[in-house]
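So you can see what is in the structure, the chains are spelled out below.
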Amino acid sequence: MGQADLALRPLLRPGDVLEAIPGMIVTQHSGSGKSNQMFLRGFNLDHGTDFATWVDSMPVNMRTHGHGQGYTDINFLIPETISSLEYVKGPYHAELGDFSSAGGTHIKTFARIPDNLVKLGTGENGYRRVLAIGGINTRGFQLSGALESQNYDGPWKHISENVEKLNGLVKLGQTNHSSSWDVTAMYYDNQWNSADQLPSRAVEQGLIDELGSLDDSLGGKSRRASLSTGYRSTTDAQDLSLSAYVIDYRMQLWSNFTDLLDNPILGDQFEQLDDRTIWGGDINYQWITGEENQIHHRLGGQLRYDNIDKLGLYHTRQRQRLETTRQDRVKEASIGLYYELEWQYSDSWRTVVGVRGDYFHFDVGADNTVNSGKTSDGIISPKLSLIYTISDVSEAFLSAGRGFHSNDARGTTIKEDPISGDAVAQVDPLVASTGAELGLKTVWTKGWISSLALWYLKLDSELLFVGDAGTTEASRPSKRWGLEFNNHWTINNIWTVEADFAWTDAKFSDDSPEGGDIPGAIPFVASTVLTAQYPNGSFASLRLRHFSGYPIIEDNSEQSDASTIASLAVGWQSNRWKIQFDVLNILDSGDHDIDYFYSSRLPGEPAGGIEDNHYKVFEPRQIRAYVGFSY
């Protein structure tokens, strides 16, 4: 999908563009500057674990991250600069490696800005946005740039988010008949306050409003600067692409999920720090053989090196450090090689066979030397798809494959708990997943495209969110299966409908006294988008998203409630001007963005705290207005 599919979607946050992927749910349990919470195919992906995300050939998922494994923050992405968003699901695709068990997406920004644009936005709760995009062509070179500034106070009581975000992008490139190259620089800087999830009993007892916060000094700061380059050469029989990148990244988060559970005097606020540089690149070579060009080959490799100068967890109060819980330096390197062959051996049948090999090396230098160490691991991931062409408009497929996710490097070398000093088991550096899928794609009638898939996925070790640590940890093996039904119907030259439905059954696959349900695994998801674009320039887009209640504890004795939200965009555009009004959460739903179940302690409660549902509600209805001028 491209910019035309994304332009009319009402967006609360940049991360909402990922909900263009059928079945994907994007929520938020903290401030809007933090990575979104994501759900797909029965996974609570936390902030991106098990779904690989790339922007302009740069990986977004953060390994061994200060907040959570696979942390995926796309707040640095300016939605108007997206030229395409391509996605796949399942571990059947050889080009995707780490974090891709549920699938992955490649987001590309424009090689050449189609129009210069100035856009102003304003709205309730102190929302202000300024965007400028432009480009020039001279002597065969294309120079493009974008600059975005955004401020937002949020709807929360007794706390202002005070978002101060700055985004910049500059791209220089050249394209001729058979090759192209580009160099892209990006810069992102953001700081914010946040209202985190609240214990249900605090709201029920009237201690705080649902839009309040128990700790008014939570929030974060994040900065990302990157330089990337790409080259592509294409002929009738072969295609070569090369890319390289360097990313400088820093993040600080202040959170307090348990209030007074661990420290009844000073509180449980903690700071998570991540300061790193990432180097990497990839190569992809495709060529065709066979008498009638029926065999397509694809050979590729990826290299990545994370130099994490400081990875810290600190006990804090009002963002001031009181003590160091753990502080590490990590060097994590990986290399991945893959080969894929697509063979069209008859008019009706074709096969895609692939294999991928990955090797990781971990080097942890901990302040507590007993937890320092080095380790390595490798994994081979075979892939296979069999596709049968039923007719000119229909095909069926059967896919199977192996994927994996890496674990936090600190867990692969740790020998004792940093707080209690008790001995702990080291986790496997790389965790395999195995999946299969049977599906059908068809065009029912002119303009109506549908796909139906029955899928299965087994994971050797689940990664679960830990409330009192604000991070993820390796857990038990699991298995999932489900059905997906996706539809895109262009009714006529005015009306378009998208309707996507997904049902999932997700369980731990071992026997354990605590139960077999996976917390955060959503059984049912439905979303629909109804869009109208009239010849006179007026347009409207109504978006509705629903997800069912889900277990928040292993024995399913506690469940979240179902959540439904709708948003509307209406406006008018000409060749030069565009006016748009977004009504977010148009029904003013008070449903929950997220639910967790764990122990916390409020003033006057017993030392062990109380297990409770902790949740965050949708942001109330708000209106935003935009005026854009293209030239």
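Residues numbered from 1 in each chain as written. Predicted model: local features only at pLDDT ≥ 70, side-chain atom pairs only at ≥ 80, totals over all residues. Heavy atoms only, no water.

## A closer look at the overall build of the protein chain
Applicable threshold: For the purposes of this entry, the term helix denotes a DSSP run of H or I that reaches at least four residues, the term strand denotes a run of E that reaches at least two, and both are numbered from the N terminus. Computation of the radius of gyration draws on C-alpha atoms alone. For the globule rule, the value is 2.2 Å times the number of residues to the power 0.38. Burial classes: relative accessible area under 20% of the type maximum marks a residue as buried, over 50% as exposed, and values in between as partly exposed (1.4 Å probe, protein chains only). Contacts were defined at the residue level, with two residues in contact if any of their heavy atoms lie within 4.5 Å. Accessible surface area values rest on a Shrake-Rupley calculation with a 1.4 Å probe, where residue burial reflects the displayed protein chains alone. Charge assignment in this entry is limited to Lys and Arg as positive and Asp and Glu as negative, and neither His nor the chain termini are counted. To locate a charge, the coordinates of NZ of Lys, CZ of Arg, CG of Asp or CD of Glu are taken.
Each helix and strand counted, the protein chain has 3 helices and 34 strands in total. The globule rule puts the C-alpha radius of gyration for 631 residues at 25 Å, and the 24 Å found for the protein chain is close to it. By its C-alpha atoms, the protein chain is 75 × 55 × 45 Å across when sized along the principal axes. When the 631 residues of the protein chain are sorted by exposure, 55% land in the buried category. Pairs at least 24 residues apart make up 64% of the contacts formed inside the protein chain by residues separated by at least 6 positions. Counting every atom, the protein chain has about 26,000 Å² of accessible surface; 56% of that belongs to carbon and sulfur. Separation between the mean location of the 53 positive side-chain charges and that of the 82 negative ones in the protein chain comes to 6 Å.

## Considerations on the sheet that holds strand β3 (residues 43–44)
Keep this limit in mind: Any two strands with at least two DSSP-identified bridges between them are counted as paired.
The 3 strands lie next to each other as β1-β2-β3, forming an open sheet whose pairing is antiparallel. This sheet does not close on itself; its edge strands, each paired only once, are β1 (25–27) and β3. Bridging between β1 and strand β2 (residues 37–40) involves 3 bridges; their strand directions are antiparallel. Across the sheet, Val26 pairs through a bridge with Met38, a residue of β2.

## Describing the side chain of Arg63
As a reminder, the rule being used: Under this definition, polar contacts are N or O atom pairs within 3.5 Å; protein pairs additionally need one hydrogen-donor-capable and one acceptor-capable atom, and for neighbouring residues in sequence, both atoms have to be side-chain atoms.
Within the fold, Arg63 resides in the loop between β5 (58–59) and β6 (82–89). Reaching out from Arg63, the side chain makes a polar contact with the side chain of Ser334 at a distance of 2.7 Å. Leaving out residues up to four positions away in the same chain, Arg63 has contacts with Gln69, Asp98, Phe99, Arg276, Arg304, Asp306, Ile308, Glu332, Ser334, Phe360 and Ser406.

## What about the pattern of salt bridges?
Two side chains of opposite charge can pair, provided their charged atoms sit close to one another. Rule in force here: The rule for a salt bridge is simple: a side-chain nitrogen of Lys or Arg has to be within 4 Å of a carboxyl oxygen of Asp or Glu.
Summed over the entire model, instances satisfying the criterion amount to 34 salt bridges. Put simply, Lys171 and Asp56 hold a salt bridge, and the shortest N to O gap is 3.6 Å. Highlighted residues: Lys171 in strand β11 (residues 163–175) and Asp56 in the loop between β4 (52–55) and β5, separated in sequence by 115 residues. Like Lys171, the residue Asp56 is buried in the burial classification.

## Some points on the side chain of Glu437
Looking at the secondary structure, you find Glu437 in strand β22 (residues 430–445). A polar side-chain atom of Glu437 sits 3.1 Å from a polar atom in the side chain of Arg41. Once residues lying within four places of it in the same chain are set aside, the contact partners of Glu437 are Arg41, Lys89, Tyr92, Phe397, Leu398, Ser399, Ala453, Leu454 and Trp455.

## Regarding the pairing of strand β32 (residues 592–600)
Within β32, 8 of the 9 residues are buried, which leaves it mostly tucked inside the rest of the structure. Across 8 bridges, β32 lies against strand β33 (residues 610–617) in antiparallel orientation. When the bridges of β33 are listed, His592 appears paired with Val617.

## Considerations on the packing of aromatic side chains
How two aromatic rings sit relative to each other is set out by the distance from centre to centre and by the angle between their planes. Put simply, the rule reads: Only Phe, Tyr and Trp rings are paired, with Trp represented by its six-membered ring, and only when their centres lie within 6.5 Å; those with planes under 30 degrees apart are stacked, over 60 edge-to-face, the remainder tilted.
A complete count under the given rule lists 18 aromatic pairs for this structure. Between Phe39 and Tyr550 the ring centres are 6.1 Å apart and the planes differ by 45°, which places this aromatic pair in the tilted class. Of this pair, Phe39 sits in strand β2 while Tyr550 sits in the loop between β29 (538–547) and β30 (563–573), placing them 511 residues apart in sequence. Each member of the pair Phe39 and Tyr550 is classed as buried. Judged by centre distance (4.7 Å) and plane angle (50°), the rings of Trp577 and Phe629 are tilted. Of this pair, Trp577 sits in strand β31 (residues 577–584) while Phe629 is found in strand β34 (residues 622–630), placing the two residues 52 residues apart along the sequence.

## Observations concerning the nonpolar core
As a reminder, the rule being used: Grouping buried Ala, Val, Leu, Ile, Met, Phe, Trp, Tyr and Cys residues that are joined through side-chain atoms within 4.5 Å yields what is termed a nonpolar core.
Among the nonpolar cores identified, the biggest contains 50 residues, and Leu18, Met24, Leu45, Val55 and Ile107 are the most heavily contacted of them. Elements that contribute at least two residues to this core include exactly β2, β6, β9 (127–138), β10 (141–152), β11, β12 (179–193), β15 (238–255) and β23 (448–459). Beyond its immediate stretch of four places on either side in the chain, Val55 contacts Val60, Phe76, Leu77, Ile107 and Met186. By size, the runner-up hydrophobic cluster in this structure holds 15 residues, among which are Phe270, Ala502, Ile552 and Ile553.

## Things to note about the pairing of β33
In terms of burial, β33 is largely enclosed, as 6 of its 8 residues are buried. The pairing of strand β13 (residues 198–199) with β33 spans 2 bridges and is antiparallel. Across the sheet, Leu198 pairs through a bridge with Tyr615, a residue of β33.

## Details of the environment of Ala566
Inspection of the secondary structure assignment puts Ala566 in strand β30. Along the chain, Ala566 and Thr528 lie 38 residues apart, while their C-alpha atoms are 9.5 Å from each other. Ignoring anything within four residues of it in the chain, the contact list for Ala566 reads Arg543, Leu544, Val583, Leu584, Asn585, Ile586 and Leu587.

## Some remarks on the environment of Leu77
Tracing the sequence through the fold places Leu77 in the loop between β5 and β6. Relative accessible area serves as the criterion here: at 3%, Leu77 is assigned to the buried category. Through-space distance from the C-alpha of Leu77 to that of Gly365 is 33 Å; in sequence the pair is 288 residues apart. Setting aside its immediate chain neighbours within four residues, Leu77 contacts Pro14, Val55, Ile82, Ile107, Thr109 and Asn167.

Worth remembering: the numbers are spatial, not functional.
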